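Results of the structural survey
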Amino acid sequence: MKIMGYRREDGKLGLRNKVMIIPSVHCANKVCENIAKQCQGSVYINHQHGCSQLEFDALQTRDVLIGHGTNANVFGVLIVGLGCEVIQAKVVAEKIKQTTPYKKVEYLVIQECGGSKNTIDKGVKIVNDMLKAALNLQKSEGDFSDLILGTECGGSDSYSGLSANPALGSLSDFIIDQGGAVILAETTELIGCEAILAKRAKNDEIAKKVYEKILGYENLVKSFHADIRGANPSPGNIAGGLSTIEEKSLGCVYKAGTRTLMDVIDYAKPVVSKGLTFMNTPGNDIEQLSAMVAGGANICVFTTGRGTPTGSAITPTIKMSSNTFCYNNMNDAIDINAGDIIDGKKTKEEVRDELINLIIRISNGELVKAEINEQNDFSVWRLATTC
C-alpha cells in the first residue's frame, strides 16, 4: 500500500515539508512569531523554557527542540535565541545539523543582531529562501513501513476503550505488520496495566524496563505526598464515565494493539526500532505529543471522548472521537468518528480502514482539522523547579 512523501537523504520519509522557526528560549517567542507571520507557509512554536533551568531540565528542553528540527516532516529550520540564555541557539542548530546534515539549518541571536526588528528582518529573508528551496523538492513514493505513528488519547471517556482506542490499536497492528513503527506513551495512563504491557515485551530486559518506568512514575507521585486522583483521571474523564486510573489505563493500552513490545525509551528520545516502542511521558496531551514528534513521529492519531483541538506544528495529528456526540459537538476539530462502532454502524476494522485511507490522502496533501486550524501546540515535560 503506497503513500507519498518527501524522501530525506537518511532514508526517512516526511509526510510534510515544513520550514520551522524555533525559539531556543522563551524570550525569543515573539520574534519567531513575527517572522512566521511574514513568511507564508512557515510554522513556528512557542514555549516557556530555555533559561533558568537545572541542567537535566535544560537538556530535556534542548532534546525536544532538536528532535523537532530533525523530524522527517521538516525541510529547514531557523533557531532564534536571545544570547544570554542557557540553551544557546547556535548549539541547537549545530546539533540538528549533526544529526541531519542534509537539512538547511540557520540560527540568529537577537542581541547579536541588534534587537528584535533587525532579527525579524534577517529571519524573514532566511525563512523565505528556505521556503523557495522547499518548493523544488519533489514527492516520491513510499509505503506504510516509512511511518512512525504516534498514538495518543486525551479527554478520554467511558467509550474510549470500547471504540476509538481499539480502532487505533488495529491501525497500530497494521502499521507494524507493514514494517512500520508505533509509539505508545502516557506512562501515568498505564498505571495498573504494567503486567499486561510487560507480557508483550520481546525479552525480560524490556519487560523490566516497563515495570521500572510505570512503577517509577507512580512512586514519584507518591514521593510528593500527592494523590494522582483529580489529575488522572481528570474531572472531564470522570464526567465522561471513568472512575479510576486503572479503568482509564485499561482503555489507554488498547491504542498499542497486540504486537510485541520491542523497545522502551525515555522522553523525546529517537525511535530506533521497528514495531512497538513505549516512550516514558506524562499523560499531559501536549507534553506527550511534543515528545513523540521529537522522537520522530511523522503521523499521529489522537483519540478523544470529550473533544480537543490539539495538534502539532509539523506532524499531521488525526483526531478521532470515541462517540458521535463528541464528533458532532467538536466537528471543527475531529476528523473521524469511532462513535459509529458504539452506534453499531461500523466495526473497529472498518474505522481502521478509514484511518488508513485518511493517511494516504494526508500523504497526498490533504489537511487534517488541526492543520486547518493552525494548531501549533508545544510543551516540554518539566522535571524540576525553575532556578
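Residues numbered from 1 in each chain as written. Predicted model: local features only at pLDDT ≥ 70, side-chain atom pairs only at ≥ 80, totals over all residues. Heavy atoms only, no water.

As recorded in an unreviewed UniProt entry, the protein chain goes by Altronate hydrolase and comes from Campylobacter taeniopygiae. The UniProt entry for the protein chain carries the following text under Sequence similarities (unreviewed entry): "Belongs to the UxaA family." (UniProt positions renumbered as here; feature names shortened; annotations may be inferred.)

1. Looking at the state of the cysteines
A complete count under the given rule lists 0 disulfides for this structure. Cysteine C193 shares no disulfide, and the gap to the nearest cysteine sulfur, in C252, comes to 7.8 Å. C300 takes part in no disulfide bond, and the closest cysteine sulfur, belonging to C153, lies 13 Å away. Overall, C300 belongs to the buried group, its relative accessible area being 2%. (Disulfide = S-S within 2.5 Å. Buried < 20%, exposed > 50% of the residue type's maximum accessible area, 1.4 Å probe, protein only.)

2. Thoughts on a nonpolar patch on the surface
A contiguous nonpolar patch, built from L54, F56 and L383 and spanning about 250 Å² of accessible area, is present on the exposed surface. For L383, the location among the structural elements is in the segment after helix 15 (369-372). Looking at L383, the relative accessible area reads 39%, which means it is partly exposed. (Patch = residues over 30% accessible without salt bridge, like charges linked within 9 Å, V, L, I, M, F, W, Y side chains within 5 Å. Areas by Shrake-Rupley, 256 points an atom, 1.4 Å probe, with all protein chains shown as cover. Salt bridge = Lys/Arg side-chain N within 4 Å of Asp/Glu carboxyl O. Helix = DSSP H or I, 4+ residues; strand = E, 2+ residues; numbered from the N terminus.)

3. With respect to the layout of surface pockets
Considered as a void within the structure, the largest pocket measures approximately 830 Å³ in volume. Lining the largest pocket are 29 residues; nearest its centre among them are K18, G41, S42, V43 and A313. Residues of the lining of the largest pocket, tallied by class, amount to 14 nonpolar, 9 polar and 6 charged. Its boundaries defined by the atoms lining it, the second largest pocket holds a volume of some 580 Å³. Contributions of two or more residues to the lining of the second largest pocket are made by helix 2 (55-70) and helix 3 (89-99). Top element by residues in the lining of the second largest pocket is helix 2. It accounts for 4 residues. Taken together, the residues of the lining of the second largest pocket break down into 11 nonpolar, 11 polar and 7 charged. (1 Å grid on protein atoms, 1.4 Å probe; cavity = no way out; pocket = protein on both sides within 12 Å on 5 of 7 lines; lining within 4 Å. Points joined across faces, edges and corners; volume = space filled by probe spheres on them. Nonpolar A, V, L, I, M, F, W, Y, C, P; charged D, E, K, R; others polar.)

4. Some words on the sheet that holds strand 2 (residues 13-14)
The antiparallel open sheet is built from 3 strands, whose spatial order is 2-1-7. Two strands bound the open sheet, and with one partner strand each, they are strand 2 and strand 7 (140-143). As judged from the 2 bridges shared by strand 1 (residues 2-7) and strand 2, these two strands associate in the antiparallel manner. Residue pairing for strand 2: Y6 is matched across the bridge by G14. (Pairing = 2+ DSSP bridges.)

5. Let's talk about the packing of helix 6 (residues 164-177) against helix 14 (residues 348-363)
Between helix 6 and helix 14, the shortest axis-to-axis distance is 8 Å and the interhelical angle comes to 60 degrees. As judged from the angle between their axes, helix 6 and helix 14 are oblique. Here helix 6 runs over helix 14; the crossing is right-handed. Here helix 6 contributes P166, A167, L168, S170, L171 and F174 to the contact with helix 14, which in turn contributes K348, E349, V351, R352, L355, I356 and I359. (Axes fitted to C-alpha atoms, helices over the stretch in contact; angles between N-to-C directions. Parallel < 35°, antiparallel > 145°, perpendicular 65-115°, else oblique. Left-handed = near helix turned anticlockwise from the far one by under 90°. Contact = heavy atoms within 4.5 Å.)

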